[in-house]
Every structure is written in C-alpha cells, then in structure tokens.
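These are the residues of each chain, in order.
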Amino acid sequence: SVAMQAVAADDSQSYAVDRNETWFEPAPMDVHVAPVYPEELLAQKLPATTVRVRLIVDKDGIVTDSTALEAPPNYPQFFAAVQAAVRQWTYSPLVRSVPGEESTLYFNGWSATYSGKATAMPFHQDYDIVFTQKDGQGVVTSVTPAAPPR
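A count of helical and extended segments in the protein chain gives one helix and nine strands. Its helices and strands in sequence order give the protein chain the pattern β-β-β-β-α-β-β-β-β-β, from N to C terminus. At a minimum sequence separation of 6, the contacts of the protein chain that also span at least 24 residues come to 73%. Entry remark: accessible area of the protein chain is about 8500 Å², with carbon and sulfur atoms responsible for 51%.

As structure tokens, then:
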C-alpha cells in the first residue's frame, strides 16, 4: 500500500504575514493520484519505505518540481513512482488578500472572487509517502493532506 501524509514545514520556510493580510490556503483540485508501488520491487518483500518529497507549486496551482528530502538511496524506484504521481497533481492557489477592491483570480479553468486585492502565490508542500506491501501486493491507500502549505 502507499500512504500519503502532509508534513508541516518550520516557520522559517513560510511567508511572513502582516496584520492587514488574509491568507487562503490551497487545496487539491481533484483527488490526487497516488504513487504506485514499483512492481519490480514486490518480490524483494522490503519493509515499509518512506519517501519525503517537497512539491513546488506555482501560482496557478501546478506542481512544477518535486525534490526527495528523504528517500532510500538503494531504491530510486520509490522516488520515481512519487514523481510520476505528483506531476499530475493540481491545487487551488495559495492566496494573499489585502484590503482593497474585490478581485477575481483565474486558475486551472476555475475562478474565485475575494474581498480585497488578491494575489496568487507559489508555495511548497512536503509529504511523507510510505510504501508497504500486503499479501505480496502493492495496494494504494492515500491520506488527505492536513498540514498547511508554505
């Protein structure tokens, strides 16, 4: 199975927030495709393996890069499986709004209206993705991200 869990970053990696700002957190646009357990590794019956990945998401909610923060060096197939999945993920943008006239942002074929001058911001999100086996099969299970993006 594959379980995904969002990981909180420390505050030094977050945007500074002013008192007059309102921030709207991004959210997945669709169900995120889960990574697939690498078939060529099933016969090895490996213990649970964790890949910590950082996603860089642009202001339009598109994943533009993924970096392995932690991954098993002897089994690059796990990170390759993560990369194949996250390339398909999209988000609503991280939005900063300051007092001013109402504004509308357009992204991924959607639009959202905000009270105040809104700006879509790029962000990063870290995930722990755990690969396990059950009865010799790689069954996919995902967990909804819960930690705030940075």
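From this point, the narrative continues.
What follows concerns helix α1 (residues 76-86). Every buried residue of α1 is accounted for by Phe-78, Phe-79, Ala-81, Val-82, Ala-85 and Val-86. Seen from one end, α1 has its buried residues packed into an arc of 155°, which puts them on one side. Looking at the buried side of α1, the elements it contacts are β3 (49-57), β4 (63-70) and β9 (123-131).

Relative to strand β7 (residues 110-114), strand β6 (residues 103-107) runs antiparallel, the two sharing five bridges. Residue pairing in the sheet places Leu-105 in a bridge with Ala-112 of β7. With antiparallel pairing between neighbouring strands as the criterion, β6 and β7 make up a hairpin whose turn holds two residues, including Asn-108 at a positive phi of roughly 45°.

As a further point, take the pattern of salt bridges. Within this structure, the stated rule accounts for four salt bridges. Among the salt bridges present, the one from Arg-54 reaches Asp-126, with a minimum N-O distance of 2.7 Å. Remark: Asp-126 occurs in strand β9 and Arg-54 occurs in strand β3; sequence separation between them is 72 residues. Here Asp-126 falls in the buried class, since its relative accessible area comes to 5%.

Here we take up unusual backbone geometry. Of note in this structure, Lys-45 is not a glycine but carries a positive phi near 50°. Mapped onto the fold, Lys-45 is located in the loop between β2 (22-24) and β3. Positive phi values are uncommon outside glycine, yet Asn-108 reaches one of about 45°. Take Asn-108: it is sitting in the loop between β6 and β7. Assessed through its relative accessible area of 31%, Asn-108 is described here as partly exposed.

The rules behind the values
Residues numbered from 1 in each chain as written. Predicted model: local features only at pLDDT ≥ 70, side-chain atom pairs only at ≥ 80, totals over all residues. Heavy atoms only, no water. Helix = DSSP H or I, 4+ residues; strand = E, 2+ residues; numbered from the N terminus. Contact = heavy atoms within 4.5 Å. Areas by Shrake-Rupley, 256 points an atom, 1.4 Å probe, with all protein chains shown as cover. Buried < 20%, exposed > 50% of the residue type's maximum accessible area, 1.4 Å probe, protein only. Arc of directions from axis to C-beta. Pairing = 2+ DSSP bridges. Salt bridge = Lys/Arg side-chain N within 4 Å of Asp/Glu carboxyl O.

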